[in-house]
Amino acid sequence: MFLKIKSLEFYPDIERSDLQDIKKFQEHKLQELLVYLENNSPFYQKLFNKNSINISDIQTLEDLRKIPTTTKDDLQQHNDDFFCISQDKIVDYSTTSGTLGDPVTFGLSDSDLERLAYNEAISFVCAGIRKGDVVQMVTTIDKRFMAGLAYFLGLRKMGASVVRMGPGVPELQWDSIFRYKPKYLITVPSFLLKMIDYAEKNGVDYKNSSVYGAVCIGESIKNQDFTDNILSQKIKEKWDIKLFSTYASTEMSTAFTECEFQIGGHHHPELIITEILDDNENPVGEGENGELTITTLGVEAIPLLRFRTGDLVKAHYEPCGCGRNTLRLGPVVGRKQQMIKYKGTTLYPPAMNDILNDFNTILCYQIVIQSDEIGLDEIIIKLSTEQDHETFVNEVRDHFRAKLRVSPKIEIIDFDILSKTVFNPTSRKPMTFIDLR
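Residues numbered from 1 in each chain as written. Predicted model: local features only at pLDDT ≥ 70, side-chain atom pairs only at ≥ 80, totals over all residues. Heavy atoms only, no water.

Per an unreviewed UniProt entry, the protein chain goes by the name Phenylacetate-CoA ligase and belongs to Chryseobacterium shigense.

Examining the nonpolar core
Counting 42 residues, the largest nonpolar core has F48, L305 and L329 as its most contacted members. Those elements that provide at least two residues to this core are α1 (19-40), α2 (42-50), β2 (104-108), β10 (272-277), β11 (290-296) and β12 (307-313). If one sorts the elements of this core by residue count, α1 sits on top with five residues. Here L329 is in contact with Y247, F256, G264, G265, I276, L292, V313, K314 and A315, once residues within four sequence places are set aside. One finds I340, L347, I381 and L404 within the second-largest nonpolar core, a separate group that totals 22 residues. (Core = buried A, V, L, I, M, F, W, Y, C linked by side-chain atoms within 4.5 Å. Buried < 20%, exposed > 50% of the residue type's maximum accessible area, 1.4 Å probe, protein only. Helix = DSSP H or I, 4+ residues; strand = E, 2+ residues; numbered from the N terminus. Contact = heavy atoms within 4.5 Å.)

Here's the deal with the pattern of salt bridges
Inspection of the entire model under this criterion finds 22 salt bridges. A salt bridge links D63 to K66; the nearest nitrogen and oxygen atoms lie 3.7 Å apart. Under the relative-accessibility criterion, D63 is labelled buried at 15%. In this structure, D279 engages K336 in a salt bridge whose closest nitrogen and oxygen atoms are separated by 3.2 Å. (Salt bridge = Lys/Arg side-chain N within 4 Å of Asp/Glu carboxyl O.)

Notes on the sheet that holds strand β21 (residues 433-435)
What the four strands build is an open sheet, ordered β20-β19-β18-β21; its pairing is mixed. Only two strands of the sheet have a single neighbouring strand rather than two, namely β20 (409-412) and β21. In this sheet, neighbouring strand axes are inclined to one another by 20 degrees on average, regardless of whether the strands run parallel or antiparallel. As paired strands, strand β18 (residues 362-371) and β21 are joined by three bridges and run parallel to one another. Within β21, the position partnered with V368 by the bridge is I434. Packing of helix α9 (residues 349-357) onto the sheet brings it into contact with β18, β19 (377-385) and β21, and relative to β18 it is tilted by some 150 degrees. Here helix α10 (residues 389-404) sits on the sheet and contacts β18, β19 and β20; the angle it forms with β20, its principal contact strand, is near 145 degrees. (Pairing = 2+ DSSP bridges. Axes fitted to C-alpha atoms, helices over the stretch in contact; angles between N-to-C directions.)

A closer look at the domain arrangement of the protein chain
Looking at the protein chain, the domain boundaries give domain 1 (8-334) and domain 2 (339-435). Using C-alpha coordinates to define each centre, domain 1 is positioned 28 Å away from domain 2. In this complex, domain 1 contributes 17 residues to the contact, which on the side of domain 2 involves 14 residues. Counting the surface lost from both domain 1 and domain 2, the interface buries some 1,300 Å², and carbon and sulfur atoms represent 56% of this. Sorting the residues of domain 1 by area buried against domain 2 places K143, I230 and K234 first, and these three jointly supply 34% of that buried surface. Considering each element in turn, the side of domain 1 that touches domain 2 owes the most residues, three residues, to helix α8 (residues 230-238). (Domains from an automatic or database assignment. Buried area = accessible area lost by both parts, 1.4 Å probe.)

Things to note about the sheet that holds strand β4 (residues 161-164)
Spatially, the nine strands line up as an open sheet ordered β4-β3-β5-β6-β7-β8-β9-β14-β13, and their pairing is mixed. Of all the strands in the sheet, the pair left with one neighbour each is β4 and β13 (315-316). When strand β6 (residues 213-216) meets strand β7 (residues 242-249), the two strands line up parallel, connected through four bridges. Within the sheet, the bridge partner assigned to A214 lies in β7 and is L243. Lying over the sheet, helix α6 (residues 170-180) contacts β3 (134-137), β4 and β5 (184-187), oriented at roughly 170 degrees with respect to β3.

What follows is the structure, given as structure tokens:
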């Protein structure tokens with residue numbers, strides 16, 4: 001059942017196949033997965049027994065609805081029971097944050113690392129990266145971070161050259177760019193603004209660098225209609241480079257990456273089955289938002305069946321000019337557990353990020369959500385700025401009222417203090433959102 005990869009198969013035929021052929025292919029892979037889980041997964045063995053599930057009754061993708069979903073709480077509470085192979089077959093350990101605080105451990109076998117490399121290779125090809133291109137990784141590869149390892153393995157597999165710079169330090173990033181002349185960067189997009197700011201203050205001729213594009217991780221750069229959001233606009237106003245969205249998670253070991261037409265991240269049907277579900281675990285209607293629920297294919301150590309990611313997304317099914325017939329995922333609307341009910345208005349952090357990114361004079365910010373004395377959600381925006389504080393606070397508050405019809409509490413914090421919290425060295429990403437509820 002595990003993925004057999006041809007050395008140069010980075011334009012998979014299945015992604016350009018007829019939709020019915022894709023469905024039949026996935027149903028065959030699903031049946032292989034169910035047999036594997038029944039034979040090897042303590043967690044799913046118990047789930048099948050508890051719910052009287054006969055896997056021979058699961059023949060189609062629609063039949064998946066007969067199986068209960070799996071949650072992050074399940075992963076955290078029964079982490080060891082998800083392992084389908086013995087410890088001596090694990091060649092890499094990665095972790096992801098859990099909903100109850102402690103990290104969830106993911107082990108990868110040699111086959112899983114090969115699958116991970118294949119996933120990133122076809123994803124980078126989707127974004128336009130080619131054999132021989134130089135790619136600078138502005139992201140960590142250590143701290144049990146699966147994504148950084150995946151980027152390196154995928155670029156190596158497709159024949160690109162990798163410059164492993166790691167995150168931060170704009171001066172070193174520019175030194176590396178002019179030394180090795182990368183065509184692409186892999187980075188959190190907000191860091192590009194820091195690189196631009198450093199370049200402008202230090203006379204770096206960044207507009208004539210070798211960089212053609214950036215694969216953007218960790219933050220959204222698109223609105224729901226695929227137009228550039230505020231963050232993307234601010235980058236492109238200064239630096240005329242291509243920005244490509246990619247969306248992935250440790251649990252999926254699979255990425256959804258934009259092609260050159262930039263109308264959503266393409267689904268790789270040989271790697272993952274996707275469902276978009278409502279609160280009652282029913283499929284949403286076409287064009288509606290729902291929770292992305294995934295079933296991994298070809299994973300050996302910790303395969304997942306109907307795993308609810310917590311991410312609210314919308315799928316797009318119209319044909320893409322690149323020739324792929326797979327569905328595409330739009331930008332993440334928000335995380336289900338991060339939904340905020342504030343004075344009758346439902347909000348998600350990405351909408352607040354867009355508003356704060358609209359201000360050039362905000363040096364850094366952090367959105368904090370907590371419960372007030374009667375249990376209602378309270379929003380506190382902590383930010384650093386060199387502007388006159390009272391005038392600026394009113395300006396930000398007015399912008400929130402105009403865009404989201406809410407008026408959060410705003411606190412001005414000294415940059416040296418706030419930046420240590422936002423750019424915590426123990427975190428893989430900027431900590432711009434804290435949920436204390």
